[in-house]
Each structure stands twice: as C-alpha cells, then as structure tokens.
Amino acid sequence: MSRAVKIILFLIFFALFFEAGLFASYTIVTQQPPNPSDLIEMQINGINSLFNLGTPKISTPNNLKIINKNEVIEALKAKSGVDGINLETLTAQTYQGTDDANITVNITAMGYKDDKSGGTSNKSTIVIKSNETYSITATAVAVTKMEGVQIKVGTIVITSTRILYNR
C-alpha cells in the first residue's frame, strides 16, 4: 500500500475509535444511551468555537428603562412573598431587539423581609435581628414605548428567589 492510503486509513480508524470512546464515556457519565446526532452536533459546535467560525453564541443583553416601576414592584412583592423591593436595584434586560412590539425581558431586583419578633411566651426578651435580603429574578413580556418599556404586570413569572442574607 502506498503511504497516502496508510495515512488516510489511520485517520479513519482514529476517528472511529475516538467516536466509540465518546459514546462509551457518555454512557458511563450520564447512564443513558447516547444520542448520536446530539453528540456529533456538540463536536461540530466545539470545533466551530475553537476556530471562531460563525457568530458568537453569547450576545450582550440590552438594558432597558422601565416606565411602570411601581406596578412592577407591587407585582414582584405579591408574587415573591417579600415585604419590600429596593427601587434602585430594579433592572430589566433583554436579548431581543427593541424594535419588536412585544419583547421578553428578564427582571432582577433586591427584596427584603422585615423581622417578625415577639411572642406570648416571654415578653421581657429583646430580640435584635436584621432583615433578610433576597435576590429576585423574573421574566415578563414588555411593550416598547418611546421613553422605555412598559412591562405587562400580568405576565410576570418569578424564576428564582435566592436568600442573600439571613441574620
């Protein structure tokens, strides 16, 4: 056999063994049968990102100005169960273009719960505790206006409420 044929056969066998190893390791790690199309797509995406082919996968979000902040804060308070929300931390971002009539926005805010102290067992005890602080993340649909976006309060869905500080 010629040298070129040997090199081509070596590359083919190398690719086959590599793919077999990938399928076996996927099965061991996930304990599920591998999906060949997803694994091949993952490899192609990895090669594309390695050589910077195509468009970037992560785009930068657009910061938006919320017109109806008070309505949004009241809806977030009601849906997340916090006592209050810091107005200065309320932000809305989107990855969509703002030219569309309706856009999906991600809302983030810092909330707090007031301390509830007291009781009937011992009235002479003084309890000093700080407020609990929460990070609230939500999604909603917004309508673009000239001065910013108006969030449709009925479409707000809380995606996460994380406690940042407790005592």
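Just so you know, these numbers come straight off a predicted model, no measurement behind them. (Residues numbered from 1 in each chain as written. Predicted model: local features only at pLDDT ≥ 70, side-chain atom pairs only at ≥ 80, totals over all residues. Heavy atoms only, no water.)

## Concerning the pairing of strand β4 (residues 102-113)
- Relative to β4, strand β2 (residues 84-85) runs antiparallel, the two being bridged by 2 bridges. Along β4, the bridge assignment pairs G84 with Y112.
- Pairing of β4 with strand β5 (residues 132-144), which is carried by 12 bridges, proceeds in the antiparallel orientation. In the sheet register, V105 faces β5, and the bridge partner there is A140. (Pairing = 2+ DSSP bridges. Helix = DSSP H or I, 4+ residues; strand = E, 2+ residues; numbered from the N terminus.)

## Things to note about the pattern of salt bridges
- Considering all chains together, one arrives at 1 salt bridge under this definition.
- When the shortest N-O distance is used, the salt bridge between K77 and E74 registers 3.5 Å. You can see K77 and its partner E74 sitting in helix α3 (residues 69-80), 3 residues apart, about one turn around the helix.
- Taking the relative accessible area as the measure of exposure, E74 reaches 46% and is therefore partly exposed. (Salt bridge = Lys/Arg side-chain N within 4 Å of Asp/Glu carboxyl O. Buried < 20%, exposed > 50% of the residue type's maximum accessible area, 1.4 Å probe, protein only.)

## Digging into helix α1 (residues 3-30)
- Compared with an ideal rise of 1.5 Å per residue, which puts 28 residues at 40 Å, α1 spans 40 Å between its outermost C-alpha atoms and is within 8% of the ideal.
- A positive backbone phi angle near 55 degrees is found at Q31, which sits one or two residues after α1. (Expected span 1.5 Å × (residues − 1).)

## Notes on helix α2 (residues 36-50)
- Look at α2: 21 Å from first C-alpha to last across 15 residues, which is about the 21 Å you get at 1.5 Å a residue.
- In the segment just after α2, N52 is the residue with positive phi, at about 55 degrees.

## Some points on the nonpolar core
- Of all hydrophobic cores here, the largest spans 22 residues; its most connected members are V72, L76, L90, V105, I107, I151 and I156.
- Among the secondary structure elements, those contributing two or more residues to this core are α3, β4, β5 and β6 (149-151).
- The element that contributes the greatest number of residues to this core is β5, accounting for 5 residues.
- With near-sequence residues (within four places) excluded, I107 lies in contact with V72, L76, L90, T91, I136, T137, A138, A140, I151 and I156. (Core = buried A, V, L, I, M, F, W, Y, C linked by side-chain atoms within 4.5 Å. Contact = heavy atoms within 4.5 Å.)

## Remarks on unusual backbone geometry
- With phi around 55 degrees, Q31 is a residue other than glycine that occupies positive phi space.
- Inspection of the secondary structure assignment puts Q31 in the loop between α1 and α2.

## Re a nonpolar patch on the surface
- Taken together, the side chains of M1, V5, I8, L9, I12, F13, L16 and F17 present a nonpolar region at the surface, about 850 Å² in accessible area.
- On the basis of relative accessibility, which here comes to 75%, the residue M1 falls in the exposed class. (Patch = residues over 30% accessible without salt bridge, like charges linked within 9 Å, V, L, I, M, F, W, Y side chains within 5 Å. Areas by Shrake-Rupley, 256 points an atom, 1.4 Å probe, with all protein chains shown as cover.)

## Looking at the packing of α1 against α2
- Where α1 contacts α2, the two axes come as close as 11 Å, and the packing angle between them is 115 degrees. Relative to α2, α1 is oriented roughly perpendicular. The handedness of the crossing between α1 and α2 comes out as right-handed. Residues F18, E19, L22, F23 and Y26 of α1 pack against P36, L39, M42 and Q43 of α2. (Axes fitted to C-alpha atoms, helices over the stretch in contact; angles between N-to-C directions. Parallel < 35°, antiparallel > 145°, perpendicular 65-115°, else oblique. Left-handed = near helix turned anticlockwise from the far one by under 90°.)

## Some remarks on the confidence of the model for the chain
- Chain-level statistics for the chain give a pLDDT mean of 83 and a share of 84% at 70 or above.
- The spread of mean pLDDT over the elements of the chain runs between α2, the lowest at 81, and α3, the highest at 92. (pLDDT = per-residue confidence, 0-100.)

## Brief notes about the environment of L76
- Within the secondary structure layout, L76 lies in helix α3.
- Since its relative accessible area comes to 1%, L76 is described here as buried.
- Distance in space between the C-alpha atoms of L76 and G111 is 9.0 Å, their sequence separation being 35 residues.
- Setting aside residues no more than four positions away along its own chain, L76 makes contact with G81, I85, L90, I107, A109, I136, A138, I156 and I158.

## Section: the pairing of β5
- Where β5 meets β6, 3 bridges bridge the pair, whose relative direction is antiparallel. Within β6, the position partnered with V143 by the bridge is Q150.
- The hairpin turn running from β5 into β6, its antiparallel successor, is 4 residues long, and G148 in that turn takes a positive phi close to 155 degrees.

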